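So you can see what is in the structure, the chains are spelled out below.
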Amino acid sequence: NADSALFKAKSSGRDSYAFYSQEMTEQAHQRVELVSALRRALEQQQLRVHYQPITRLADGRMIGCEALVRWEHPERGLVPPGEFLPIAEESGLIGNLDVWVLEQACRQMRHWLTQGHDLAFMAVNLSCRLFRRSELVREVAQVLASTGLKPEYLELEITESAVMEDPDTAEALLTQLRELGVRLAIDDFGTGYSSLQRLKRLPVHKLKIDRSFVRGLPADPSDIAIARAVTALGHSLGLSVLAEGIEIDAQVEFVRQLGCDYGQGYLFGKPLPAEDIERLWPVT
Ligand code: C2E
Ligand code: MG
Ligand code: MG
Ligand code: MG
């Protein structure tokens, strides 16, 4: 097994080549296992969608949420997306995964609206790998049609770094998505080196200030400067601005005073299964 191989390789010293190739084989093997486990997870419905509330800062009202995927692994319990999304992206399973999440989220939103909950939008993340998927726009349109959700209730999030990796493709794709009538947000803003030239042309509605710049508020001078600058930039381009990762009262107060429109973070609520989060929703 792997441990005894490692031990032998270490003790033999000059056999380091054998050791490395064996370790690499082991890693490749684990990766193959993980890919097939993830494929089974998709087929056997082991993936779950949790929902995190988004609050309108002007009146403190929860008016939307973000869908976040989890893997309910039979042995390992609830696995966070950071541990399997990279594998999903490399193996090409991400397309199926994102479309599956999209469908769950749209159906859930439609259900909440039908029940009379006064919610403005459901945010869903899209991987940058989907940019290379020519059928994406058609798939989004199909999900909207099959779930009966009006497009203005769906907000698609694309990270700033994904946009900047291939700005022309991203711009073309976002333009097509916008034509469907959905809303668009740039996620993790501030970490992806946008060119302002590009940013002003993107047909988006919202910037989400990355959590890493909210963490140090309200004390850290550079975080203050960045949060203030991003909010001013977003507003001057006619976009709304959301602060991610709000954990304490002083942060809400601070970003509200900066003029941020929305807040999201553990202070307002952690991501939760639909049946737990819906108790927080306002009813008309
Ligand atoms: P994101 O889109 O920026 O989502 C926000 C992440 O920050 C979530 O982590 C959320 O649980 C976490 N978070 C929210 N508020 C707080 C807070 O106050 N404090 C702290 N420490 N964390 C907070 P999560 O669910 O682990 O997701 C991580 C990332 O995985 C997401 O970042 C998103 O990029 C990606 N992701 C999640 N679900 C999907 C999906 O269905 N498709 C794709 N393509 N990506 C997804
Ligand atoms: Mg997001
Ligand atoms: Mg984000
Ligand atoms: Mg983030």
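Structure: above.
The shown structure was predicted, so the numbers you read here are calculated from the model rather than taken from an experiment. (Residues numbered from 1 in each chain as written. Chains lettered and ligands numbered in written order. Predicted model: local features only at pLDDT ≥ 70, side-chain atom pairs only at ≥ 80, totals over all residues. Heavy atoms only, no water.)

Asks: Where do I start with the overall build of the protein chain in this structure?
Replies: Looking only at helices and strands, the protein chain features 11 helices and nine strands. The 284 residues of the protein chain split such that 48% are buried. Contacts spanning at least 24 positions in sequence make up 67% of the contacts within the protein chain whose residues lie at least 6 apart. With the model as given, the accessible surface of the protein chain reaches about 14300 Å², and the carbon-plus-sulfur share is 50%. The distance from the centre of the 31 positive side-chain charges to the centre of the 40 negative ones in the protein chain is 2 Å. (Helix = DSSP H or I, 4+ residues; strand = E, 2+ residues; numbered from the N terminus. Buried < 20%, exposed > 50% of the residue type's maximum accessible area, 1.4 Å probe, protein only. Contact = heavy atoms within 4.5 Å. Areas by Shrake-Rupley, 256 points an atom, 1.4 Å probe, with all protein chains shown as cover. Lys, Arg positive; Asp, Glu negative; His and termini not counted. Charge placed at Lys NZ, Arg CZ, Asp CG, Glu CD.)

Asks: I would appreciate a short explanation of the side chain of Gln108 in the present structure.
Replies: With respect to the helices and strands, Gln108 occurs in helix H4 (residues 94-114). Apart from residues no more than four positions distant in its own chain, Gln108 is found in contact with Tyr51, Ala274 and Glu278.

Asks: Just checking my understanding: could you explain the site of ligand 1 for this structure?
Replies: Within the structure, ligand 1 sits among 23 residues, and Arg70, Asp98, Asp187, Glu247 and Tyr266 are positioned closest to it. Measuring from a nitrogen atom of ligand 1, one finds a side-chain N or O atom of Glu247 at 2.5 Å. Computed on the free molecule, ligand 1 has an accessible area of 810 Å², of which 83% lies beneath the protein chains in the complex. Its atoms largely coinciding with the cavity grid, ligand 1 occupies the largest pocket. Counting only elements with at least two residues in the shell around ligand 1, the list comes to strand S2 (61-73), H4 and strand S6 (183-189). It is S2 that contributes the most residues to the shell around ligand 1, four residues altogether. The residue inventory of the shell around ligand 1, partitioned by class, reads nine nonpolar, five polar and nine charged. (Near = heavy atom within 4 Å. Polar contact = N/O pair within 3.5 Å; in protein donor to acceptor, adjacent residues only side chain to side chain. 1 Å grid on protein atoms, 1.4 Å probe; cavity = no way out; pocket = protein on both sides within 12 Å on 5 of 7 lines; lining within 4 Å. Sits in = over half its atoms within 2 Å of the grid points. Nonpolar A, V, L, I, M, F, W, Y, C, P; charged D, E, K, R; others polar.)

Asks: Could you clarify how one ought to interpret the coordination of the magnesium ion (ligand 3) in this entry?
Replies: Under ideal tetrahedral coordination, the four donors around a metal are separated by 109.5 degrees; under ideal octahedral coordination, the six donors are separated by 90 or 180 degrees. Around the magnesium ion (ligand 3), the protein contributes the donor atoms Asp187 (OD), Asp188 (OD) and Glu244 (OE), at 1.6 to 2.7 Å from the metal centre. Sequence positions of the residues that donate to the magnesium ion (ligand 3) give the spacing D-D-x55-E. Between the two metal centres, the magnesium ion (ligand 3) and the magnesium ion (ligand 2), the spacing is 3.7 Å, with Asp187 acting as a shared donor. When its relative accessible area of 5% is taken as the criterion, Asp187 is described as buried. (Donors = N, O, S within 2.8 Å, 3.2 Å for Na, K, Ca; no water.)

Asks: Would you take a moment to explain the pairing of strand S7 (residues 206-209) for this structure?
Replies: Regular strands show a simple pattern: their side chains alternate between the two faces of the sheet. In S7, alternate side chains face the same way, and those of Lys206 and Lys208 on one face and Leu207 and Ile209 on the other are all buried. Sheet analysis places S6 next to S7, joined by three bridges and oriented parallel. Bridged to Ala185 within S7 is Lys206. Sheet analysis places S7 next to strand S8 (residues 240-243), joined by four bridges and oriented parallel. Paired with Lys208 across the bridge in S8 is Leu242. Traced from S7 through helix H9 (residues 221-236) to S8, the parallel crossover comes out right-handed. (Pairing = 2+ DSSP bridges. Right-handed = clockwise from strand over helix to strand, strands pointing away.)

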